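# Fold and geometry: a report
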Amino acid sequence: MSTDTSVPHPRHPRLSGLDASDSALFATLLREAPIGFALFDTDLRFKRANESMARLHGATVADLEGKKPSEALGDEMGELVETAVRKVVDEERPVLDVDLQIGERHWAYSWFPSRAADGELTGVVLVIVDVTDRVLAETSIRRKEERYRSLVEASSQVVWVTMPTGKVVDDAPEWRAITGQTHEEYAADGWLGAVHSEDRARIEEAWQGCVSGDRIFEATYRIRTRAGGYRNYDVRAVPIRREGEIVEWVGANTDVTGKREAEEMRGRLTEQLSAAALRTARLQQATSMLAEALTVNQVVAVITEVGRSAIGADRSAVALLDDDKVRLRTITPGGIPELPGPAREEIGVEDASVMSIAVRERRPFLAENPTSLRLQIQAEEIDAFAQLTDERAWVGLPLLAAGRALGALRFSFTRPREITEEERVFLEALAGQCALAVERATLFEREHKTAEALQRSLLPDQLPQLPHMRLAARYQPATRHVQVGGDWYDAFPLQDDRVAIAIGDVMGKGVKAAAGMGRVRNALRALALNDPRPAAVLSGLDRLFSATEGLEQITTLAYAVIDPATGEGVISNAGHLPPLYIFPDKPPRVSDTEAGTPLGWPSQRHQTRFSVPPGNTVVFYSDGLVENRRRGLDAGLDEIVAIAADAPPEVLADPEILVDFLVDRMLAGYDHDDDVTVLALHVPPKTA
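Cut-off values and rules
Residues numbered from 1 in each chain as written. Predicted model: local features only at pLDDT ≥ 70, side-chain atom pairs only at ≥ 80, totals over all residues. Heavy atoms only, no water. Helix = DSSP H or I, 4+ residues; strand = E, 2+ residues; numbered from the N terminus. Contact = heavy atoms within 4.5 Å. Areas by Shrake-Rupley, 256 points an atom, 1.4 Å probe, with all protein chains shown as cover. Buried < 20%, exposed > 50% of the residue type's maximum accessible area, 1.4 Å probe, protein only. Pairing = 2+ DSSP bridges. Axes fitted to C-alpha atoms, helices over the stretch in contact; angles between N-to-C directions. Phe/Tyr/Trp six-rings, centres within 6.5 Å; stacked < 30°, edge-to-face > 60°. Salt bridge = Lys/Arg side-chain N within 4 Å of Asp/Glu carboxyl O.

Counting its regular elements, the protein chain contains 22 helices and 25 strands. In the protein chain, once contacts between residues fewer than 6 apart in sequence are set aside, the share between residues at least 24 apart is 57%. Surface exposure of the protein chain reaches about 34,800 Å², of which carbon and sulfur atoms provide 51%.

What follows is the structure, encoded as structure tokens:
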């Protein structure tokens, strides 16, 4: 079928070079084809266009013919199409697969040179194909890949890949970081090169059997670590098939050393304490209580209470090694009374003391009377200590986790006391539980501080200093989790001397919520600097969410713009909690303006005017302030209004004091299980 249109056809003057059947077919394609089609001459003007092409661009065929794209399709689309046509005319080469989104559909635009029978360029053909399904499929695949990568990176598993024969094909830096294998060693022996020599023959035989027999591989073995020790790992590897053939094996190793040690400890305890039902019950009680203990101080309180009640000790102490592993620092109040003079907060690992020996030798230290103490620790300071103290028997237990010494546990008695074998086993098990709990609590405290620092780094360093208005904010992280959350607030000046105020909540915890919070905050600032109107900013964020975030990321936001000189402002709410208005001469109330839908949900954004006269305050807050597991949202809103109504005048006059007052009163008596964010805006009364 020729595209030369320079010679009129006798029966179809507009379709040259075609017989009657061809021209009828061509006309049908122009009219009925679901793809867009257009023909341009070398002057860049439309010669032909079908209905699909015209309808896609909001025009009719008659609107297009004889016009340049810039004249018929509008500025942006017209310029794009015309530039592509000009490029084909100038270079006589096609421009292929330019993807454009029109409405909710995606279209692929391709331009081809149209030539006469002698090869001379006569124009340009534009073909437009609906590729929405392809784009959505590619987006879905890309999201799945991103989620998979995030899952692997966030999990405690180490993933490796081998060829169908079982030989490694890709490097595994995470695995080599654990085992200390070089790249060459891993390439030669793979993960098997780090397996304990006593386990390797068994594991290698099982692995090769699964590879040759096309079976899922599951096993447990010991791995040599970079430090030279061994840790227990569970492994599971599955074949990946394509068209029925195995193309690779993917395996995941999980460190189960802690689990294995806990299981072995429970096994020994069951065997050795069969006759000590009471102490076993107490140890189980300690385990349950330790599961709820988040901080080191909470762990110490549980251990000392359980230990003292189980064996009748009069005193107890817990000390942890410092970072240099040369000194023990006491955690319990009162210090360590093991040397002459006042009780010390710390002692050296090499000192002559019950706890130091337990740590150095990594074994329990038992002295049933002062004579036994002097025989085991032959030092002048011990003689002096034994003469001055009222203690008459001592127990020192090392706190060991995965073979590492963390500190020591000490019990003492004001009477001679022999520790039975049954009691010794119980105390060793208690020390083991204490060590694991201390290690976990130390990690929790470190991660909690890191998470809190990360959260605070995403919040503004300071609030704007305004002549006619005062701002104050508080962020208080939850105590029951270590992940960063999605609460945030912001306040920044605009070019016209007004101030933008924002508070939002990205649902969820962890890196995903923090990243979403950062994107929303940065996008809001960019949009506000261009057009600060709240409705315009929220509409822009809706478009951002529709394009990048998806409906699964629920984000609420309240955004306001206020003039500090007048106290007049406008606010728009995307599903966030209503602000609290506090007046000097009438009861406080929460806004009754209906909140819109969260960001990204279809909604017409509206903005509402509000005013903060002199002496008044408006408070923005997150749901962590008013809602928890024991208090519903409606009850929380009623309570914050009542608390604000009871606030003294001096509290209402200072937003810094007010935010602390509201947070302290609202959280009193409740578990703090969610982040709390509060932002207060106060206009001081005018003075004469």
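For the rest of this paragraph, the subject is the pairing of strand S7 (residues 217-224). Side-chain alternation along S7 places Phe217, Ala219, Tyr221 and Ile223 on a buried face and Glu218, Thr220, Arg222 and Arg224 on a face that remains uncovered. Sheet topology note: the S7/strand S8 (residues 230-242) ladder contains 8 bridges and is antiparallel. The residue of S8 that forms the bridge with Arg224 is Tyr230. As consecutive antiparallel partners, S7 and S8 are separated by 5 residues, and within that stretch Gly228 has a phi angle of approximately 100 degrees, a positive value.

Moving on, we come to the sheet that holds strand S14 (residues 393-401). If you walk across this open sheet you meet the 6 strands as S12-S11-S10-S15-S14-S13, and the pairing is antiparallel. Only two strands of the sheet have a single partner each, and these edge strands are strand S12 (346-348) and strand S13 (365-367). Averaged over all adjacent pairs, the angle separating strand axes in this sheet is 20 degrees, with direction ignored. In the sheet, S13 pairs with S14 via 3 bridges, with the strands oriented antiparallel. Bridged to Leu366 within S14 is Val395. Running over the sheet, helix H12 (residues 296-311) touches strand S10 (315-321) and strand S15 (404-413) and is turned about 40 degrees from S15.

Here Arg176 shows up in helix H7 (residues 173-179). Here Arg176 is in contact with Asp171, Gln181, Thr182, His183, Tyr186 and Arg226, once residues within four sequence places are set aside.

Moving on to the packing of aromatic side chains. For the structure on display, the rule yields 10 aromatic pairs. Look at Trp191 and Trp207: their rings are 5.7 Å apart centre to centre, the planes differ by 75 degrees, and that puts the pair in the edge-to-face class. A residue pair is termed long-range when its members are at least 10 positions apart, and Trp191 in the loop between helix H8 (183-189) and helix H9 (197-213) and Trp207 in helix H9 qualify at 16 residues. Like Trp191, the residue Trp207 is buried in the burial classification.

Mapped onto the elements, Gly486 comes out in strand S17 (residues 485-493). The exposure class assigned to Gly486 is buried, which follows from its relative accessible area of 2%. Gly486 sits 20 residues away from Val506 along the chain, and the two C-alpha atoms are 4.4 Å apart.

Another point: the side chain of Glu82. Take Glu82: it is sitting in helix H5 (residues 75-91). Given the relative accessible area of 7%, Glu82 is considered buried. Ignoring any residue separated from it by four or fewer positions in sequence, one finds Glu82 in contact with Leu44, Lys68, Pro69 and Ser70.

Right, let's talk about unusual backbone geometry for a bit. Backbone geometry places Asp97, a non-glycine residue, at a positive phi of 50 degrees. With respect to the secondary-structure elements, Asp97 resides in strand S3 (residues 95-102). Its relative accessible area of 53% is what places Asp97 among the exposed residues. At Arg362, a residue that is not glycine, the phi angle is positive and equals roughly 50 degrees. Along the chain, the position of Arg362 falls in the loop between helix H13 (354-361) and S13.

Inspection of the entire model under this criterion finds 35 salt bridges. Close ionic contact of Glu439 with Arg404 constitutes a salt bridge, the shortest N to O distance being 2.5 Å. In this pair, Glu439 is assigned in helix H16 (residues 421-457) and Arg404 in strand S15, connecting sequence segments 35 residues apart. Put simply, Glu198, Asp199, Arg202 and Arg222 are held in one network by salt bridges that share partners.

All right, on to the pairing of strand S25 (residues 676-682) then. Among the 7 residues of S25, 7 are classified as buried, and the element is accordingly described as predominantly covered. Burial of S25 is two-sided: the residues Val676, Val678, Ala680 and His682 facing one way and the residues Thr677, Leu679 and Leu681 facing the other way are all buried. Where strand S16 (residues 470-476) and S25 come together, 7 bridges link them in antiparallel fashion. Across the sheet, the residue bridging to Ala473 is Leu679, located in S25. Pairing of strand S24 (residues 617-621) with S25 involves 5 bridges; the strand directions are antiparallel. Pairing of Tyr621 across the sheet is with Val678, part of S25.

Remember, this is a structural readout, not a statement about activity or role.
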